[in-house]
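A structural walkthrough
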Amino acid sequence: MTEVPGGTRPLPDKLRVDIDAELLELALTHRSYAYEHGGIPHNERLEFLGDSVLGQAVTVMLFTTHPDLDEGELAKRRASVVSTVALAEVARGIDLGSHLLLGRGEEQTGGRDKDSILADTMEAVIGATYLSAGPEAATALVLRLTKPLLADPERYGAAMDPKTSLQELAARVGATPPQYSVEASGPDHDRRFTATVAVGDVRMTGHGSSKKTAEMAAALSAWRTLSERA
């Protein structure tokens, strides 16, 4: 597999799983890149498969390890772990963005750090793992990557509703309430947003295809920084 621009370590080493090189390259191929290269295959079918594998792995894990939780709480925890914001956080943890194959437009508008692209690609990589190494390896990969979220119950709420979680944490530690500012860029049909949140002396940014997703990404980063200090 050709080394992707920006990649410093081979991705299989970071994932600790053997994935067929062609499948992995397909998983990293965004539709914008495929379009610019003559309509070659892209990762959306693998994303569809990976979404199912991810959901099943997390569901079974939560069901078997939390016999005391009712259906509503199980559903809430699952939704937070498989949310776009949470998956993007997981993807950043393995520097997935540096391995993406993107078209020029996405490259220029910060596609390597967009929550939606990172989350979708993470699902595609899980799908590629399933096809290449089998269901057990794919499940093990999911649980290994989501372990930080699953190990800390507070992160469920943070991933699901980071703005509320950040506001509550700021009040708890005596920091000033979060203040958000948002800037938009790009043409009207493809607007991209960058949000900055200031809480106490912490300032973090987030990106997204809407004001809401950008603010959520910024809030989650600020929550993580503030909670580590606390």
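Heads up: these notes are all about the structure in this document. (Residues numbered from 1 in each chain as written. Predicted model: local features only at pLDDT ≥ 70, side-chain atom pairs only at ≥ 80, totals over all residues. Heavy atoms only, no water.)

**Digging into the pairing of strand 3 (residues 202-208)**
Convention followed: Paired strands are those between which DSSP finds at least two bridges. Only DSSP runs of H or I with at least four residues qualify as helices, and only runs of E with at least two residues qualify as strands; both kinds are numbered from the N terminus onward.
Judged from the seven bridges that link them, strand 2 (residues 192-199) and strand 3 form a sheet pairing that is antiparallel. Across the sheet, the residue bridging to Ala198 is Arg203, located in strand 3. Where strand 2 folds back on strand 3, the antiparallel hairpin that results is connected by two residues, among which Gly200 adopts a positive phi of roughly 60 degrees.

**Some words on the sheet that holds strand 3**
By way of backbone hydrogen bonds, the strands of a sheet pair with one another, either parallel or antiparallel. Selection criterion: To get an axis, fit a line to the C-alpha atoms, keeping to the stretch in contact for a helix; angles then go from 0 to 180 degrees between the N-to-C directions.
Taken together, the three strands give an open sheet; going across it, the order is 1-2-3, and neighbouring strands pair in antiparallel fashion. Either end of the sheet is taken by a strand with one partner, and the two such strands are strand 1 (179-185) and strand 3. In this sheet, adjacent strand axes meet at a mean angle of 20 degrees when their direction is disregarded. One ladder, built from seven bridges, connects strand 1 with strand 2; its direction is antiparallel. Paired with Val182 across the two strands is Ala195, which belongs to strand 2.

**Some thoughts on the layout of surface pockets**
If a probe the size of a water molecule is rolled over the atoms, the empty space left behind becomes visible. The test is simple: Computed over the protein atoms alone on a 1 Å grid, cavities are sets of points where a 1.4 Å probe fits but cannot get out and pockets are open sets with protein on both sides within 12 Å along at least five of seven lines; a residue lines them when it has an atom within 4 Å of a point. Grid points are joined across faces, edges and corners, and a volume is the space filled by probe spheres set on the points. As a working rule, the residues Ala, Val, Leu, Ile, Met, Phe, Trp, Tyr, Cys and Pro are called nonpolar, Asp, Glu, Lys and Arg charged, and the rest polar, with Gly in that last group.
By volume, the largest pocket is sized at about 210 Å³. What lines the largest pocket is simply His30, Arg31, Ser32, Asn43, Glu44, Glu47, Glu106, Lys114, Ser116, Ile117, Asp120 and Arg192. Listed by contribution, the elements that provide at least two residues to the lining of the largest pocket are helix 3 (31-36), helix 4 (44-65) and helix 8 (115-133). With three residues, the top contributor of residues to the lining of the largest pocket is helix 8. A breakdown of the residues in the lining of the largest pocket according to their chemical character gives one nonpolar, four polar and seven charged.

**Here's the deal with the nonpolar core**
Stated precisely, the cut-off is as follows: By nonpolar core is meant a set of buried Ala, Val, Leu, Ile, Met, Phe, Trp, Tyr and Cys residues that side-chain atoms within 4.5 Å join together. Whether a residue is buried, partly exposed or exposed follows from its accessible area with a 1.4 Å probe, protein chains only, as a fraction of its type maximum: under 20%, in between, or over 50%, in that order.
Counting residues in hydrophobic clusters, the biggest one holds 41 residues, and the most contacted among them are Leu15, Leu96, Met122 and Val125. Elements supplying a minimum of two residues to this core: helix 1 (11-15), helix 2 (21-27), helix 4, helix 5 (71-81), helix 6 (84-93), helix 8 and helix 9 (135-151). Membership of the second largest hydrophobic core comes to 18 residues, among which are Val85, Leu166, Met216 and Leu220.

**Here we look at the packing of aromatic side chains**
What counts, and what does not: Here a pair means two rings of Phe, Tyr or Trp (six-membered ring of Trp) with centres within 6.5 Å. Their orientation is stacked below 30 degrees between planes, edge-to-face above 60, and tilted elsewhere. Should the NZ of a Lys or the CZ of an Arg lie within 6 Å of a ring centre and within 35 degrees of the ring normal, that charge is described as sitting over the ring.
Counted by the stated rule, this structure contains zero aromatic pairs. Against the face of Tyr180 rests Lys163, its NZ or CZ located 4.7 Å from the ring centre.

**A few points about the packing of helix 11 (residues 162-173) against helix 12 (residues 211-229)**
To be explicit about the condition: For a crossing to be left-handed, the near helix must be turned anticlockwise from the far one by less than a right angle; the clockwise case is right-handed. In what follows, a contact means two residues having at least one pair of non-hydrogen atoms within 4.5 Å.
Where helix 11 meets helix 12, the axes come as close as 8 Å, and the angle between the chain directions of the two elements is 30 degrees. Viewed along their axes, helix 11 and helix 12 form a crossing whose handedness is left-handed. On helix 12, the residues touching Pro162, Lys163, Ser165, Leu166, Leu169, Ala170 and Val173 of helix 11 are Glu215, Met216, Ala219, Leu220, Ala222, Trp223, Leu226 and Ser227. Here the contact of helix 11 with helix 12 is built from residues that sort into 11 nonpolar, two polar and two charged.

**A short note on the environment of Asp68**
Positionally, Asp68 belongs in the loop between helix 4 and helix 5. Sequence spacing of Asp68 and Pro162 is 94 residues, and the spatial spacing of their C-alpha atoms is 25 Å.

**Details of the environment of Ala137**
In this fold, Ala137 is placed in helix 9. Apart from the residues lying within four places of it in its own chain, the contact partners of Ala137 are Val17 and Thr129.

**Points about unusual backbone geometry**
Notably, Arg16 is not glycine yet its phi reads approximately 60 degrees, a positive angle. Along the chain, the position of Arg16 falls in the loop between helix 1 and helix 2. For Asp95, which is not a glycine, the phi torsion comes out positive at approximately 55 degrees. Here Asp95 falls in the partly exposed class, since its relative accessible area comes to 34%.

**Structural notes on helix 9**
Stated formally: Under the convention used throughout, the expected extent of a helix is 1.5 Å for every residue step, that is, one less than its residue count. Given a residue, its bend is the angle between the two axes fitted to the seven residues that end at it and to the seven that start from it.
With 17 residues, helix 9 extends 23 Å between its outermost C-alpha atoms, agreeing within 8% with the 24 Å of an ideal straight helix rising 1.5 Å per residue. The axis of helix 9 is deflected most strongly, by about 45 degrees, at Leu145, and proline Pro148 appears within four residues downstream. What helix 9 keeps buried is the set Ala138, Leu141, Val142, Leu145, Thr146, Leu149 and Leu150.

**Comments concerning the packing of helix 4 against helix 9**
At a minimum axis separation of 9 Å, helix 4 and helix 9 run at an interaxial angle of 65 degrees. For helix 4 against helix 9, the interelement crossing comes out right-handed. Contacts between helix 4 and helix 9 pair Val53, Leu54, Ala57, Val58, Met61 and Leu62 from the former with Ala138, Thr139, Val142, Leu143 and Leu150 from the latter.

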